[in-house]
Amino acid sequence: MRALSWKAALTGSSWFVYFIECRDGSVYTGTTTDVESRYEKHATGKGARYTRMNPPVRLLGFVAVENRSAALSAELRVKRMSSSAKREWIARNAVVDDEKPSTSSDRSNRQSLRDRQ
């Protein structure tokens, strides 16, 4: 599945588990039927409470699943993992978001992250 581009992967399934790297270094995990739209909500501060407090740096990737039930089950399994195990799982299983262009808020969040280091 990693060989698919993000655009190709978005067309084949109706539910996704997605992974966002946040400014504090944590990985936010969620489910959606539209990865691009949901990420944009997080990036503009209109997503989950967690990502309003810990703004997104980038979309790490996503996994297409069969239905909502499978998405919620996968989300719960990943959320129970340690941060390092979660990142390893994402690297092995998710479509990596290496082709998707950054939004302006992504660029400013990355700059903020560099400033803090």
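Residues numbered from 1 in each chain as written. Predicted model: local features only at pLDDT ≥ 70, side-chain atom pairs only at ≥ 80, totals over all residues. Heavy atoms only, no water.

**Regarding the overall build of the protein chain**
A count of helices and strands for the protein chain gives 6 helices and 4 strands. Ordered by position from the N terminus, the helices and strands of the protein chain form the series α-β-β-α-α-β-α-α-β-α. Of all 117 residues assigned to the protein chain, the portion counted as buried reaches 43%. For the protein chain, restricting intrachain contacts to residue pairs at least 6 apart in sequence, the fraction spanning at least 24 positions comes to 71%. If you sum the accessible surface of the protein chain, you get close to 6600 Å²; carbon and sulfur atoms cover 47% of it. (Helix = DSSP H or I, 4+ residues; strand = E, 2+ residues; numbered from the N terminus. Buried < 20%, exposed > 50% of the residue type's maximum accessible area, 1.4 Å probe, protein only. Contact = heavy atoms within 4.5 Å. Areas by Shrake-Rupley, 256 points an atom, 1.4 Å probe, with all protein chains shown as cover.)

**Description of the sheet that holds strand E3 (residues 56-65)**
Taken together, 4 strands build an open sheet; the order of strands is E2-E1-E3-E4 and the sheet is antiparallel. Each of the sheet's edge strands pairs with one partner strand only, and the pair in question is strand E2 (27-32) and strand E4 (95-96). Across 2 bridges, E3 lies against E4 in antiparallel orientation. Looking across to E4, one finds that Gly61 is bridged to Val96. In the packing of helix H2 (residues 35-43) onto the sheet, contacts are made with strand E1 (15-22), E2 and E3, and the angle to E3 comes to roughly 155°. (Pairing = 2+ DSSP bridges. Axes fitted to C-alpha atoms, helices over the stretch in contact; angles between N-to-C directions.)

**Observations regarding the confidence of the model for the protein chain**
Confidence in the prediction of the protein chain, expressed as mean pLDDT, is 79, and 71% of residues score 70 or more. Within the protein chain, E2 carries the highest mean pLDDT (96), whereas helix H6 (residues 104-116) carries the lowest (42). Low pLDDT, under 50, characterises residues 99-117; the stretch is placed with 25 contacts to residues that sit more than four places away or in other chains. (pLDDT = per-residue confidence, 0-100.)

**Quick word on the pairing of E1**
In terms of burial, E1 is largely enclosed, as 7 of its 8 residues are buried. In terms of strand pairing, E1 meets E3 through 8 bridges, oriented antiparallel. Note on E3: the bridge partner recorded for Ile20 is Leu59. Pairing of E1 with E2, which is carried by 6 bridges, proceeds in the antiparallel orientation. Note on E2: the bridge partner recorded for Ile20 is Tyr28. With antiparallel pairing between neighbouring strands as the criterion, E1 and E2 make up a hairpin whose turn holds 4 residues, including Gly25 at a positive phi of roughly 95°.

**Some details on helix H5 (residues 83-93)**
Those residues of H5 not exposed but buried are Lys86, Trp89 and Ile90. Along the axis of H5, the buried residues cluster in a sector spanning 100°; they form a single face. In this fold, the buried residues of H5 make contact with E1, E2, E3 and helix H4 (68-79). (Arc of directions from axis to C-beta.)

**Some words on the environment of Pro55**
Structurally, Pro55 is set in the loop between helix H3 (49-53) and E3. Separated by 12 residues in the primary sequence, Pro55 and Ala43 place their C-alpha atoms 6.8 Å from one another.

**Regarding the packing of aromatic side chains**
Taken as a whole and assessed by the stated rule, the structure comprises 4 aromatic pairs. For the ring pair Tyr18 and Tyr28, a centre distance of 6.2 Å and an interplane angle of 50° mean the geometry is tilted. Taken together, the residues Tyr18 in strand E1 and Tyr28 in strand E2 connect sequence positions 10 residues apart. Across the pair, exposure class does not vary: Tyr18 and Tyr28 are buried alike. Note on Phe19 and Trp89: the rings are 5.8 Å apart at their centroids and 65° apart in plane angle, and the pair reads as edge-to-face. On the criterion of sequence distance, the pair formed by Phe19 in strand E1 and Trp89 in helix H5 is long-range, its members being 70 residues apart. Accessibility assignment for this pair places Phe19 and Trp89 in one class, buried. A network of ring pairs unites the aromatic residues Tyr18, Tyr28 and Tyr50 as a single cluster. (Phe/Tyr/Trp six-rings, centres within 6.5 Å; stacked < 30°, edge-to-face > 60°.)

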